[in-house]
Every structure is written in structure tokens, then in C-alpha cells.
Amino acid sequence: AQSVTQLDSQVPVFEEAPVELRCNYSSSVSVYLFWYVQYPNQGLQLLLKYLSGSTLVESINGFEAEFNKSQTSFHLRKPSVHISDTAEYFCAVSDRGNNDMRFGAGTRLTVKP
Amino acid sequence: NAGVTQTPKFRILKIGQSMTLQCTQDMNHNYMYWYRQDPGMGLKLIYYSVGAGITDKGEVPNGYNVSRSTTEDFPLRLELAAPSQTSVYFCASSYPTGAGTDTQYFGPGTRLTVL
């Protein structure tokens, strides 16, 4: 089964600064990759996902992630963060569909004014 | 749509007690899941169901049971609560589109403490 490592447990940044949340996964022939966001006291929400095709995936709120097969990474980036982006972000990977999805331990993003 | 709802929001159990965590979705999703989230850890799949009457074990099923009598409901039962089951439990659902994987919709979670 796949495994996921999120390299930073906490990332503090100032508002309007760029941010990168790092995610590495164990290798496999083909994988599906996800980023979920969890706001305080809420369940997880899908931010974006990579299933196939273009290696750069974008979300509607300005985040993007790039699938890098050679480095087995799926880092999440945003060029300019807002206070409202403060949340916990989870990277997840699956090679057989949702029934075998593995989540990373999460990265807590704190955006300061 | 209410989406995925879970009850209760919080619960404290004594060792050896039993309880059922309720999960309901109103999106007519075939697939439903139960995860647990321990502090500093990612979510781990406990059980999942691909439709009414069909359930299967996930990564950490020991100490839990599930049933799926309807499309909407997927309760999780703890028979003999243990401190190791202290966690936040999330229920999720998805609609299979045949694309391999599908967006999961999560409930707000149940925070369970076993003392």
C-alpha cells in the first residue's frame, strides 16, 4: 500500500506571502493524489486532485499542486495567502481508489496578519 | 442538502462501554467510509461500504463493527471501548463515477474520549 509523508507539521506565514506545503509519497506504477483542507471544527474538504493528464492541478481558490513522478512529490503552493487560508492541509494518495486511500499526518498552515 | 451528518459531536465513554456513532448522508452516494484521526496523524480508514448490505474492512478495523442497511445510513459500533479508541471519527461518502477515484464528502466528526 501507498504511504504519504508531509514534511512540515506546521507552516507559519504572513499574509500575502507565498507558501509551499510539501508532500512525498511512496512510489507505485500509477497513483491518484489529493489535497484536502480541514478548517477548525469541520470535516475535510477536497482542495484538488490529480488522477492523470497535466501534472499541474489547480483549485478554484488559488492553490495549485504539481505531480512530480521522478521525485514522487505532490507539493501544494499558493503565490499569495490570505488569513482565511489558515487551516490544516492533508495530502493523500491512492493506487486502487478510495478504498485504499492513505493520508499524511497533516500540515497546519497559520497565516498571520 | 445537509450533506454528511454525524451524531453525537462529542462523547465520553468509560472503558468497556459500548456506543454507536451515527452517520447519514442525503446525497444518494453509494460509497461510505469511516475514518479515525489521532492527534498528529493522518486519517486511517476503519471500514467502508460500496452499497447497502456490503461492507469491508479498512486499515484499522479491530474493535469496530459496521452495518449498511440503507443507502443513507452507515453506523459505526464500538462494542468494548478502550482508551486506544480515543480519537476523532469522520464519516465520508462518495458517488462512484467510474473514474477510479471520486471526491469524498466528509461529516464534521465525532470526538470520542474513552476513560
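For the structure itself, consult the block above.
Summary of the structure given here. (Residues numbered from 1 in each chain as written. Chains lettered and ligands numbered in written order. Predicted model: local features only at pLDDT ≥ 70, side-chain atom pairs only at ≥ 80, totals over all residues. Heavy atoms only, no water.)

Time to look at the nonpolar core. In terms of nonpolar packing, the biggest core is built from 27 residues, with Leu33, Trp35, Leu47, Leu48, Phe74, Leu76 and Tyr89 of chain A touching the most fellow members. Sort the elements by how many residues they give to this core and strand E10 (residues 87-94) of chain A lands first, with four residues. Core analysis: the next-biggest nonpolar cluster, separate from the first, contains 19 residues, Leu21, Trp34, Val66 and Leu76 of chain B among them. (Core = buried A, V, L, I, M, F, W, Y, C linked by side-chain atoms within 4.5 Å. Buried < 20%, exposed > 50% of the residue type's maximum accessible area, 1.4 Å probe, protein only. Helix = DSSP H or I, 4+ residues; strand = E, 2+ residues; numbered from the N terminus.)

Before going further, it helps to spend a moment on the pairing of strand E9 (residues 87-94) of chain B. Remark: a regular strand shows side chains that alternate across the two faces of the sheet. Residues and elements named next belong to chain B. Among the eight residues of E9, eight are classified as buried, and the element is accordingly described as predominantly covered. Along E9, one buried face is formed by Ser87, Tyr89, Cys91 and Ser93 and the opposite face, lined by Val88, Phe90, Ala92 and Ser94, is buried too. With seven bridges joining them, strand E4 (residues 31-37) and E9 adopt antiparallel strand pairing. Considered in E9, the bridge of Arg36 is made with Tyr89. Relative to strand E11 (residues 110-114), E9 runs antiparallel, the two being bridged by three bridges. Paired with Tyr89 across the bridge in E11 is Thr110. Where E9 lies against strand E10 (residues 105-106), two bridges are found, and the strand directions are antiparallel. Paired with Ala92 across the two strands is Phe106, which belongs to E10. (Pairing = 2+ DSSP bridges.)

These results come straight from atomic positions and should not be treated as a statement about function.
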